[in-house]
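# Chain and residue survey
Listed below, chain by chain, are the residues.
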Amino acid sequence: MNLAVSLGGLELKNPIMPASGCFGFGKEFSQFYDLNTLGAIAIKAATGEARYGNTTPRVAETSSGMLNAIGLQNPGVDGIIEHELPFLENYETPIIANIAGSTLEEYVHVAEKMAKEQVIKALELNISCPNVKEGGVQFGTDPQLAYEVTSAVKSVSSKPVFVKLSPNVTNVIQIAEAVENAGADGLAMINTLTGMRLDLHSRQPVIANQTGGLSGPAIKPIAIRMIHEVRKQTNLPIIGMGGISSAEDVIEFLLAGADAVAVGTANFKDPFICQKLINELPNTLGNYQFNSIQEVRESRCHNPSISL
Amino acid sequence: MIQEQMTVIKNRLIALDTFEMVLTSETIPQRANSGQFIHVEIGEGNEHMLRRPISIADLDEEKGLITIIYKVMGEGTKWLSKREEFNVVNVLGPLGNGFDLDHHVGDNILIVGGGVGVPPLYHVTKRLSQHNNVTAVLGFQSKEFVFYEQQFSQYATTYIATDDGSYGHSGIVTDVINQFDEPFTTFYACGPNGMLKAVQNQLTHLEGYLSLEERMGCGIGACFACVCEYRSKKGYVKICQDGPVLKASEVLL
């Protein structure tokens, strides 16, 4: 079965990609399988300068999910270009660079540099990281700021720009509309939800940052609902994510309105998960009487229960 | 690293909340180094999304077995403690960098373990004892938590300390170390960060190695969850990938 999808100027051989932050820069997972089998790879967030992240503990398990507060640790855009991208040049899989920052200028600076790299085929504008004190999520929760940063990044990028939306808002449609008006080529949704866990012995938060981003199957229904809401309002391509761990989940996201999906937390439980989903997708589609990805997308248009 | 389905041969309580599990493994006994760890998948379905990193306590190349020792701390280790003979667990490993021990011959080596930090030091002690003189100081909260005293005694002069004095020396491992006047060549330590810090401060004159514990995500170096600060390198090193064994003089605890 042909699994190829077209995504705002990007041609993917299948709709499955690892999500930013859960796959490093690919090297570690290349020990498990050939990265060429992936639809795309969203690499870890880049900021203007190297960041050292939050103090530990940075992760904690929760029921069917996990909290993380890494704090955007990364070697900085120049470090990534110099030390991480050369390895990815060995692959034909499109690489999506996740762009983060504290200020509009930083976003523009990082985006401009990344967009010039040949190996980078699209940008994912991270205006939704809940784990850093400055920058990130305030751009994703205020429609005006979301518009401004998207517009500024669009003006320096020749590559498609996907804006990664935060679920920590009351009205996600408003943000989606703002970034569409600013020229976004697509959306990526959802980032993690702000959560917290306390330890009864110490009576303190389990995570040093106190709060962390909740991910994993626990948040899947929220992701499905938000994608479904936004799909009614826009024709922009959507990379759907939030707790995907099976081929059925992939179809559910496509049915809700996504055009491709990203797999995050599940990579930690099963490092082979992306490859497994790609292998299982044709049969699973068949089990639900779909002959192609396109048929799933069309059926959501004609299904009165999921009307657009 | 390899993903392997391992069969439980034994899973028994050896001290309060502490279990010893023996697993069959086709690949790890031949490939693993002392101090490396395995990343164990927990539960069925999606209830548990994170694996649990557990250090390797012993390896049996001939029989193709590995031993892990873990303490029941939460839901994940509780699930593990309920595995029975012939149950299968999914394991990634061996992961991380272990102890570099081959260069030691005729050395006087100090082993310092605390609580669930004791297990990886068992294989270290066993190996070092072949060509060296080994002294092991093992600290536990109290008598009911003590394990592997006899096993260590086969290979090392072993001292047990308990925080509450209910067994062995009363006090912490550094109290015991203070009483030694033999000149040690090096030390290898694993335990809670508080203990490691005390040992690090006490033994600044020796070049030793610490094995660190931290909550982990992927266990393979991709997620940046388990990091620790390093003196010579601005920022952090990854415990799962660069460690868990790190130079004592470099780690900022």
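Going by an unreviewed UniProt entry, chain B carries the name Dihydroorotate dehydrogenase B (NAD(+)), electron transfer subunit and comes from Alkalibacillus filiformis. The record held by UniProt for chain B lists under Sequence similarities (unreviewed entry) the comment "Belongs to the PyrK family." As its UniProt record puts it under Pathway (unreviewed entry), chain B is described as follows: "Pyrimidine metabolism; UMP biosynthesis via de novo pathway; orotate from (S)-dihydroorotate (NAD(+) route): step 1/1."

With an unreviewed UniProt entry as reference, chain A is termed Dihydroorotate dehydrogenase, source organism Alkalibacillus filiformis. One UniProt comment on chain A, placed under Function (unreviewed entry), says "Catalyzes the conversion of dihydroorotate to orotate with NAD(+) as electron acceptor." According to UniProt, the comment filed for chain A under the heading Subcellular location (unreviewed entry) is "Cytoplasm".

## A look at the overall build of chain A
The helix and strand inventory of chain A stands at 10 helices and 16 strands. By the compact-globule yardstick of 19 Å for 308 residues, chain A fits well, its C-alpha radius of gyration being 18 Å. Principal-axis analysis of the C-alpha atoms places the extent of chain A at approximately 50 × 50 × 40 Å. A burial count over chain A gives 63% of its 308 residues as buried. Counted over contacts in chain A with a minimum sequence separation of 6, partners at least 24 positions apart contribute 72%. Between the centroid of the 22 positive side chains of chain A and the centroid of its 31 negative side chains there is a distance of 4 Å.

## With respect to the nonpolar core
If you look at the biggest cluster of nonpolar residues, it comprises 139 residues, and the most contacted ones within it are A:Ile43, A:Met114 and A:Leu123. Counting residues in hydrophobic clusters, the runner-up holds 27 residues, among them B:Val118, B:Phe147, B:Ile160 and B:Val245.

## A few points about the sheet that holds strand E9 (residues 157-162) of chain B
Residue and element names in this part refer to chain B. Spatial ordering of the open sheet is given by E10-E9-E8-E7-E11-E12-E15, a layout of seven strands whose pairing is mixed. Each edge of the open sheet is held by one strand with a lone partner, namely strand E10 (169-170) and strand E15 (245-247). Two strands pair when backbone bridges link them, and strand E12 (residues 209-211) and E15 are joined in this way by three bridges, in the antiparallel orientation. Each residue of the ladder has a partner; that of Ser-211, found in E15, is Val-245. Most of the contacts of helix H3 (residues 119-128) go to strand E7 (residues 108-114), to which it runs at about 165°, and overall it touches E7, strand E8 (133-140) and strand E11 (186-190). Packed onto the sheet, helix H6 (residues 193-202) meets E7, E11 and E12 and runs at close to 165° relative to E11.

## Regarding helix H9 (residues 273-287) of chain A
In an α-helix, one turn spans 3.6 residues, which is why side chains three or four residues apart end up on the same side. Residue and element names in this part refer to chain A. Compared with the 21 Å implied by 1.5 Å per residue over 15 residues, the 20 Å span of H9 between its first and last C-alpha is a close match. In H9, a bend of some 45° at Leu-281 exceeds every other bend along the element, and Pro-282, a proline, comes one to four places later. Here H9 has its buried residues at Ile-273, Cys-274, Leu-277, Ile-278, Leu-281, Thr-284 and Leu-285. Immediately downstream of H9, the backbone of Gln-289 shows phi near 60°, a positive value.

## So, the pattern of salt bridges
Pairing between side chains becomes possible if they bear opposite charge and their charged atoms approach one another. Residues and elements named next belong to chain A. Counting across every chain of the model gives 18 salt bridges over all chains. Between Asp-185 and Lys-154 there is a salt bridge; the shortest N-O distance is 2.9 Å. Taken together, the residues Asp-185 in the loop between helix H5 (172-181) and strand E10 (186-189) and Lys-154 in helix H4 (residues 143-156) connect sequence positions 31 residues apart. Note on Asp-185: relative accessible area 22%, which makes it partly exposed. Of the residues examined, Lys-154 reaches a relative accessible area of 24% and is grouped as partly exposed. Of the charged contacts, one joins Lys-220 and Glu-252 as a salt bridge, the two residues approaching to 2.9 Å between their closest N and O atoms.

## A short note on the packing of H4(A) against H5(A)
All names here are of chain A. Between H4 and H5, the least distance of the axes is 8 Å, while the angle of their chain directions is 30°. By the angle between their axes, H4 is roughly parallel relative to H5. For the element pair H4 and H5, the recorded crossing hand is right-handed. Along its contact with H4, which presents Pro-143, Ala-146, Tyr-147 and Thr-150, the element H5 presents Gln-174, Ile-175, Ala-178, Val-179 and Asn-181. Class assignment of the residues belonging to the contact of H4 with H5 gives a composition of six nonpolar, three polar and no charged.

Calculation criteria
- Throughout this document, residue positions are counted from 1 along each chain, in the order its sequence is written.
- Chain letters and ligand numbers both follow the written order, the letters beginning at A and the numbers at 1.
- In view of the model being predicted, local features appear only for residues whose pLDDT reaches at least 70, and side-chain atom pairs are presented and counted only at 80 or more, with totals across whole chains, interfaces and linings using the full set of residues.
- Note that the side-chain values use all heavy atoms of the structure and ignore hydrogens as well as water.
- UniProt positions are given in the numbering used here, feature names are shortened, and annotations may be inferred rather than shown by experiment.
- Starting at the N terminus, helices and strands are each numbered in turn, a helix being any DSSP run of H or I of at least four residues and a strand any DSSP run of E of at least two.
- Our radius of gyration is a C-alpha quantity, and the globule rule it is checked against amounts to 2.2 Å times the number of residues to the power 0.38.
- Any residue under 20% of the maximum accessible area for its type is buried, any over 50% is exposed, and the rest in between are partly exposed; the area is computed with a 1.4 Å probe on protein chains only.
- Any two residues whose heavy atoms approach within 4.5 Å are treated as being in contact.
- Charge counting follows a simple rule: Lys and Arg are positive, Asp and Glu are negative, and His as well as the terminal groups are ignored.
- For the purpose of locating charges, the reference atoms are NZ of Lys, CZ of Arg, CG of Asp and CD of Glu.
- Think of a nonpolar core as a cluster: buried Ala, Val, Leu, Ile, Met, Phe, Trp, Tyr and Cys residues, connected wherever their side-chain atoms sit within 4.5 Å.
- At least two DSSP bridges between two strands are required for those strands to pair.
- Note on geometry: axes are lines fitted to C-alpha atoms, helical ones only across the stretch in contact, with angles between N-to-C directions running from 0 to 180 degrees.
- Here, expected helix span is obtained from the residue count minus one, scaled by 1.5 Å.
- Bend, in this description, refers to the angle at a residue between axes fitted to the seven residues ending there and the seven starting there.
- Think of a salt bridge as a Lys or Arg side-chain nitrogen and an Asp or Glu carboxyl oxygen that are within 4 Å of each other.
- In these notes the angle categories are as follows: under 35 degrees is roughly parallel, over 145 is roughly antiparallel, 65 to 115 is roughly perpendicular, and the rest is oblique.
- Take the far helix as your reference; a near helix turned counterclockwise from it by less than a right angle gives a left-handed crossing, and one turned clockwise gives a right-handed crossing.
- The classification used treats Ala, Val, Leu, Ile, Met, Phe, Trp, Tyr, Cys and Pro as nonpolar, Asp, Glu, Lys and Arg as charged, and all other residues, Gly among them, as polar.

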